[in-house]
Amino acid sequence: ELREDRPSLVDANRIRCHVRDCQEVVVLPRGSEWKRTRDNLCPHHHIFVHRQTYRFDDTAMGWQRNFLVTVRDTEQLEAMRRSKTKFEQRWAHENSEDALTWNVFRTLEKVGKLSDLVKVLTEDRVQMKEPIELIPWGYHGGGLWDPLKKARAYFEPRKGVPTEPDVVLLSRSGLVFIEAKFGSPNKRSEEDIKSYEKGGFYKQYFATAQLAEVPYSQLVRHFLFAAYIANQLRLSQFMLVNLVRRNSQQDPRNASGNFGQDCLKIPEQFRQAVWED
C-alpha cells in the first residue's frame with residue numbers, strides 16, 4: 001500500500017503521505033516535534049509521516065494496526081504496558097522491533113512451534129523439552145519475571161533503564177535469551193559497563209580481562225543476565241541469540257558474529273541468527 005518513491009517531499013518542510021496515491025501533504029517534523037504536532041498527521045490514513053517511515057496514531061490504541069490480527073492480544077499487551085514491565089515501547093512505529101518480535105514469536109507459540117524455533121535459533125545446541133515458555137520483555141505471570149528482577153537487583157541496583165530481554169524461551173532443561181534487532185545497531189559501548197564486573201561473576205564466562213574491551217555492551221549485559229538466571233534456576237544449558245536481518249550481517253554496526261569466538265570462554269553459548277531463517 002506504500003508509495004515506492006519514499007520520501008515524497010514537496011519542499012524542505014513538507015511531505016506527502018507515504019500511502020500510494022494519497023495526495024495529503026503534511027508538515028515534516030524536526031527534532032522532538034514528531035512527539036506532539038498534529039500538523040504531521042495524515043487525516044485519511046491516521047499516520048504520522050516521517051521522512052523515511054511512519055508511525056500509527058496512538059489515539060484509541062492505533063498501535064494495534066501494527067500487530068497481526070491473529071496475535072493482537074490487546075489485553076495482554078496493555079497489561080504489560082500498565083505494569084511498566086515493558087520500559088521502551090515503540091509498538092506504533094512501522095520499523096518497530098517490538099511489533100516484529102511479538103508478531104513472529106507469539107505466532108510460533110500459538111501454533112505450537114517453540115520447540116522447532118529453539119532448534120533453528122540455536123542450531124540444535126540447546127536441547128529444550130516441552131513445555132517451553134515464551135517470556136516477552138520479562139513479562140511473566142502478570143508482572144516482572146522474578147529471576148529477571150533478581151538479576152537487575154544484582155547487576156543494576158540503580159540503573160534508570162534496566163536490561164530488558166526481548167524474548168526468553170524457558171523450559172525445565174534450558175534457557176535461551178534473544179536480543180532482536182531490526183534497524184538498531186549491535187555495536188555500541190556504554191560507559192557504565194565496568195559496573196557489570198561486580199563480584200567477578202563475568203570471569204566465569206568472558207575470555208576478556210575487562211568488559212570495556214568488548215565493543216558490544218548490550219550483548220555483554222544480556223549474556224551476563226542469561227548466565228546469572230541460568231545459575232539461579234540451576235540450568236546447565238543456556239544461550240544468547242542475536243537476531244538480525246540477513247542484509248545487515250555485514251554492516252560493521254551489526255557484525256556481532258565474532259562475539260562468541262572473540263569474547264567468550266565457551267563460544268557456542270552465543271549465536272547470531274537471521275530473521276529470514
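The rules behind these values
Residues numbered from 1 in each chain as written. Predicted model: local features only at pLDDT ≥ 70, side-chain atom pairs only at ≥ 80, totals over all residues. Heavy atoms only, no water. Helix = DSSP H or I, 4+ residues; strand = E, 2+ residues; numbered from the N terminus. Rg over C-alpha atoms; globule rule 2.2 N^0.38 Å. Buried < 20%, exposed > 50% of the residue type's maximum accessible area, 1.4 Å probe, protein only. Arc of directions from axis to C-beta. Pairing = 2+ DSSP bridges. 1 Å grid on protein atoms, 1.4 Å probe; cavity = no way out; pocket = protein on both sides within 12 Å on 5 of 7 lines; lining within 4 Å. Points joined across faces, edges and corners; volume = space filled by probe spheres on them. Nonpolar A, V, L, I, M, F, W, Y, C, P; charged D, E, K, R; others polar. Axes fitted to C-alpha atoms, helices over the stretch in contact; angles between N-to-C directions.

Which parts of the structure should I look at to understand the overall build of the protein chain?
Broken down by element type, the protein chain carries six helices and 13 strands. Compactness check: the protein chain gives a C-alpha radius of gyration of 20 Å against a globular reference of 19 Å for 277 residues, within 12% of the reference. Viewed in the frame of its principal axes, the protein chain has a C-alpha envelope of about 60 × 40 × 35 Å. Counting across all 277 residues of the protein chain, residues that qualify as buried make up 51%.

Help me out: how do you make sense of helix α4 (residues 146-155) in this one?
Note on helix geometry: an α-helix contains 3.6 residues per turn, so any two residues three or four positions apart are oriented the same way. Residues Pro 147, Leu 148, Ala 151, Arg 152 and Phe 155 constitute the buried set of α4. The buried residues of α4 occupy an angular sector of 140 degrees when the element is viewed end-on, so they sit on one face.

I tried to follow the sheet that holds strand β5 (residues 47-49) on my own but got confused; where do I start?
Hydrogen bonding along the main chain pairs the strands of a sheet, whether they run parallel or antiparallel. What the three strands build is an open sheet, ordered β4-β5-β6; its pairing is antiparallel. Here the strands that pair on one side only, and so sit at the sheet edges, are β4 (41-42) and β6 (54-56). When β5 meets β6, the two strands line up antiparallel, connected through three bridges. The residue bridging Ile 47 from the neighbouring strand is Phe 56, located in β6.

When you look at empty space enclosed by the protein in this model, what are you seeing that I'm missing?
Over the atoms a probe the size of a water molecule is rolled, and this reveals where empty space is left. Summed over all chains, the structure comprises one cavity of 30 Å³ or more. If you add up the space inside the largest cavity, you get close to 30 Å³. Along its surface, the largest cavity is lined by Thr 101, Trp 102, Phe 105, Arg 106, Leu 134, Pro 136, Trp 137 and Val 167. Here the residues of the lining of the largest cavity are counted per class, giving six nonpolar, one polar and one charged.

Even after reading the chapter, I still don't get the sheet that holds strand β11 (residues 175-180), so can you show me in this structure?
Sheet architecture is open: five strands sit in the order β7-β10-β11-β12-β13, paired in mixed fashion. Two strands close off the open sheet at either side, each with one partner strand: β7 (133-136) and β13 (270-274). On average, adjacent strands in this sheet sit at an angle of 20 degrees to one another, irrespective of strand direction. With four bridges joining them, β7 and strand β10 (residues 167-170) adopt antiparallel strand pairing. Paired with Pro 136 across the strands is Val 167, a residue of β10.

Looking at this model, I keep getting lost on unusual backbone geometry. Mind explaining?
The amide bond that connects Arg 6 to the next residue, Pro 7, takes the cis arrangement and shows omega of -5 degrees. Summarising the element assignment, Pro 7 is placed in the segment before β1 (9-11). Here the amide bond leading from Glu 130 into Pro 131 is cis, since omega sits at 0 degrees, within 30 degrees of zero. Note that Pro 131 resides in the loop between α3 (114-122) and β7. Within the chain, Asp 21 stands out as a residue other than glycine whose phi angle is a positive 70 degrees. Positive phi, normally seen in glycine, also occurs at Arg 234, with a value near 55 degrees. Residue position: Arg 234 is located in the loop between α5 (217-232) and β12 (238-244).

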